[in-house]
Amino acid sequence: MRMFLLWRRTVLIALCCFILLLASAALGEVSTATPSVLAVETIIGENRVRYPQLQGMGNEIEQSINNAIVERGKIAQRMVTLATLQPGGTGLQVDFEAFLEGDVFSAVINARGVMENGRNGQAYVALCYRLSTGEPLTLDDFFTDPELVVSYMEETLEETYPDELGSYVENGALTPLPRDSFSIDSDGITFYYDQDQFSLVTGTSGAAHFYFDELNDYLLSENDALPVTLALRLVPLRDEQIKAAIAYKVSLGELPHIRAKLGDPMQALIDEYRLLREPDQYPGGRYCQLEAPMFRQILILTDALAKGFENSKVLGLLSYRCNLFGIQTGSTTQERWREILGTPESTVDFDEMLAYTYGLPVGTADYYTFESSQLFLYADEDSLLYAVRLTQT
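Predicted model only: the values in this text are computed from it and were never measured.

K.L.:
Could you clarify how one ought to interpret the sheet that holds strand β11 (residues 280–282) in this entry?
P.N.:
What links the strands of a sheet is backbone hydrogen bonding, and the strands pair in either a parallel or an antiparallel sense. The strand order across the open sheet built from 8 strands is β11-β12-β13-β14-β20-β19-β18-β17, with neighbouring strands paired in antiparallel fashion. On the outer flanks of this sheet lie β11 and β17 (346–350), each paired with one strand and no other. On average, adjacent strands in this sheet sit at an angle of 25 degrees to one another, irrespective of strand direction. Sheet topology places β17 next to strand β18 (residues 363–370); 5 bridges connect them, and they run antiparallel. Residue pairing across strands places Val348 opposite Ala365, the latter belonging to β18.

This is the structure in structure tokens:
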């Protein structure tokens, strides 16, 4: 009897999934030609399977991409697992992030919990398609020389990631970069590794994120695969425009691309992006390194955590890979940013002791205030921008 009920439950869930897919296709047939993303979700208790489907195109391309999402995302297997889970067990959470703009649809499906082999695990599935043809997008669609840009990204990861991740790595082969497993959004590109090549001790598969700003020298100058926002961002701004854009962004308590801002609750950030390791100390507070790939070389500053994360907020953002609308780490000189922003309100030289205290190389810090936020631009001994920090005044 129990086996029959279990079988019936599985069939019902699979049928519901099929009906939802039909509904998605029907929506596409009756709506306008403008595509959108529909979230298809099934929840049983505390477990859920949630994945994207395109709607609005109402053609064979839409159906082809939707079928690929279901097949590559192993949605049928996830649904069967969902239907057979017992209360109080490991459980299953399947969720996604999607990007749709111009001729590009991209998504990453994240499954965590009981995998199709019955064991506990985690897996990403990255998708990237051209809407006009339904064909998968490759690095050739974004970069002038894929081999060259991959070489640059691999070198960058090997120079920066080991120090950041430390001993919190289970499998640590950063190269070769998984060039056929990536997603994009308006900010950048993220590569997703197999667990047996690169994974963290938390059980999460490794991933590597790069802003398009970092790869600007390798991007195709004209290509209809590029998102509209990216194409606009590649247009250089005049000095007065850069200063105005910085003033506006910083006054909001934000830095470009970073998915956190001053005043955000720390616990909510950790729940969404996961804490990689025990926070490091700095005078008056803690540096927090989040696990999600878009926080590579980015630290979140908070208080001393005497009352825990649930009572703490974001007090600052510190980025070692930042582009302030043209003022960019690793390339912009102190002389140049002073031309754009003017004379700083104050300048502090960091000797070896002070620099060590804040985890920086010997250098010089310039301070600028925009409303209630203070911008800290740090030059290394070569007078190149090394780090950008934002705090409240």
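Once the structure has been displayed, the description carries forward.
K.L.:
Please explain unusual backbone geometry as it appears in this structure.
P.N.:
Phi is mostly negative for residues that are not glycine, and the peptide bonds are mostly trans. In this model, Thr175 is joined to Pro176 through a cis peptide bond whose omega is 0 degrees. Tracing the backbone shows Pro176 in the loop between β6 (169–172) and β7 (182–184). The phi dihedral of Arg274 is positive, around 70 degrees, even though this residue is not glycine. Phi angles above zero are rare outside glycine, and Phe325 is one such case at about 60 degrees. You can see Phe325 is positioned in the loop between β15 (323–324) and β16 (327–328). Residue Phe325 is classed as partly exposed on the basis of its relative accessible area of 30%.

K.L.:
Teacher, can you tell me more about the pairing of β18 here?
P.N.:
Most of β18 is tucked away: 7 of the 8 residues are buried. The hairpin formed by β18 and strand β19 (residues 373–379) contains 2 residues between the paired strands, and Glu371 there has a positive phi angle of roughly 55 degrees.

K.L.:
When you look at the pattern of salt bridges in this model, what are you seeing that I'm missing?
P.N.:
Between side chains of opposite charge, a pair can form as their charged atoms come close. As enumerated under the stated definition, the model contains 19 salt bridges in all. The residue Glu116 makes a salt bridge to Arg78 at a minimum N-O spacing of 2.5 Å. Note that Glu116 is positioned in the loop between β4 (104–114) and β5 (120–130) and Arg78 in helix α3 (residues 75–84), a separation of 38 residues in sequence. Under the relative-accessibility criterion, Arg78 is labelled buried at 4%. The shortest N-O distance in the salt bridge between Glu240 and Arg238 comes to 2.8 Å.

Rules used throughout
- Numbering of residues begins from 1 in every chain and follows the order in which that chain's sequence is written.
- Local features are withheld for residues below a pLDDT of 70 in this predicted model, meaning they are given only at 70 or higher, and side-chain atom pairs are given and counted only at 80 or more; totals for whole chains, interfaces and linings count all residues.
- Only hydrogens and water are set aside when side-chain values are computed; all heavy atoms of the structure are taken into account.
- If DSSP finds at least two bridges between two strands, the strands pair.
- Numbering goes from the N terminus for both helices and strands, where a helix is a DSSP run of H or I of at least four residues and a strand is a run of E of at least two.
- For every element, the axis is a line fit to its C-alpha atoms; helices are fit only across the contacting stretch, and the angle between N-to-C directions ranges from 0 to 180 degrees.
- The classification of residues rests on relative accessible area computed with a 1.4 Å probe and restricted to protein chains. Under 20% of the type maximum is buried, over 50% is exposed, and intermediate values are partly exposed.
- Should a side-chain nitrogen of Lys or Arg be within 4 Å of a carboxyl oxygen of Asp or Glu, the pair is scored as a salt bridge.

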